[in-house]
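Structural description and commentary
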Amino acid sequence: EDEIYLRPQDETGEAEPLTFKADTYKYGFLWSPDGKKIAWTDKLFRLQYVDVATKQVTVIARATVGEMGPFSWSPDSRQLVYMTRHRNRQGSVTNELARYDVERGRRELIGPAGWRLGEPEFSPSGQYIVATAYRDEQVGLVVLDSEGQNPRWLTAAVDGDCFSPTWSPDETRIAFAQIGRAHV
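Quick notes on the rules
- Residues numbered from 1 in each chain as written.
- Predicted model: local features only at pLDDT ≥ 70, side-chain atom pairs only at ≥ 80, totals over all residues.
- Heavy atoms only, no water.
- Pairing = 2+ DSSP bridges.
- Helix = DSSP H or I, 4+ residues; strand = E, 2+ residues; numbered from the N terminus.
- Core = buried A, V, L, I, M, F, W, Y, C linked by side-chain atoms within 4.5 Å.
- Buried < 20%, exposed > 50% of the residue type's maximum accessible area, 1.4 Å probe, protein only.
- Salt bridge = Lys/Arg side-chain N within 4 Å of Asp/Glu carboxyl O.

Judged by pairing direction, the sheet is antiparallel, and its four strands sit side by side in the order β11-β12-β13-β14 without closing on themselves. Bordering the open sheet on either side are β11 (116-122) and β14 (152-153), each of which pairs with just one other strand. Here strand β13 (residues 138-145) runs beside β14; their pairing, made up of two bridges, is antiparallel. Bridge assignment links valine 142 to a residue of β14, and that residue is tryptophan 153.

Right, dumping it as structure tokens:
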């Protein structure tokens, strides 16, 4: 049984199950900023969330190749951005970004056409998304607007892959890792 449970941190009360009848392993739990939902991925390549109050589980998407994620909640908890993988016409695996609107229950691909984007993270204000990017032999980080458009290369000249970008709380800097070194 691989379920999500909640328990008060002061050790009072019993652990309360939020999910039931698991069919695979869950991992990568991420609370929504408003504390009302928990999102996760699983070994069946799905991205899901549970409403903590109702215990209703919603499947957002399922990857056709490889695992889902990473993913990030918008600061207002109304959207999730995530990386999904699929095979292109040539049979190669490629990454794309998608956005899920929690209130409408709709998902859409975001980002410029032809770009391989991954590891999205909303900025603290929700005005921007930072993501890893691969385009025409360029590798690095891009900053997109909140709609996932208007890319601005942040590290286009970096030698090697960048990964794990994260915003500073004041939104003035982005920390990231690069094979062999880390940056802020």
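Read on for the rest.
Let us look at the nonpolar core. Counting residues in each nonpolar core, the largest one holds 14 residues, and the members touching the most others are Tyr49, Ile60, Leu80, Tyr82 and Tyr100. Residue assignment for this core shows that the elements contributing at least two residues are β5 (46-51), β6 (57-62), β7 (71-73), β8 (79-87) and β9 (93-101). Counting 12 residues, the second-largest nonpolar core is a separate cluster that includes Ile110, Leu117, Phe122 and Leu144.

This next bit is on the pattern of salt bridges. Opposite charge on two side chains permits them to pair, given that their charged atoms come into close proximity. Enumeration according to the criterion identifies nine salt bridges in this entry. Between aspartate 23 and arginine 46 there is a salt bridge; the shortest N-O distance is 2.7 Å. Here aspartate 23 is found in the loop between β2 (16-17) and β3 (26-31), whereas its partner arginine 46 is found in strand β5, with 23 residues between them in sequence. Across the pair lysine 43 and glutamate 67 runs a salt bridge whose closest N-O atoms are separated by 3.4 Å. Taken together, the residues span a long stretch of sequence, with lysine 43 in the loop between β4 (37-42) and β5 and glutamate 67 in the loop between β6 and β7 at a distance of 24 residues.

It is worth stressing that arrangement in space is one thing and function is another; only the former is reported here.
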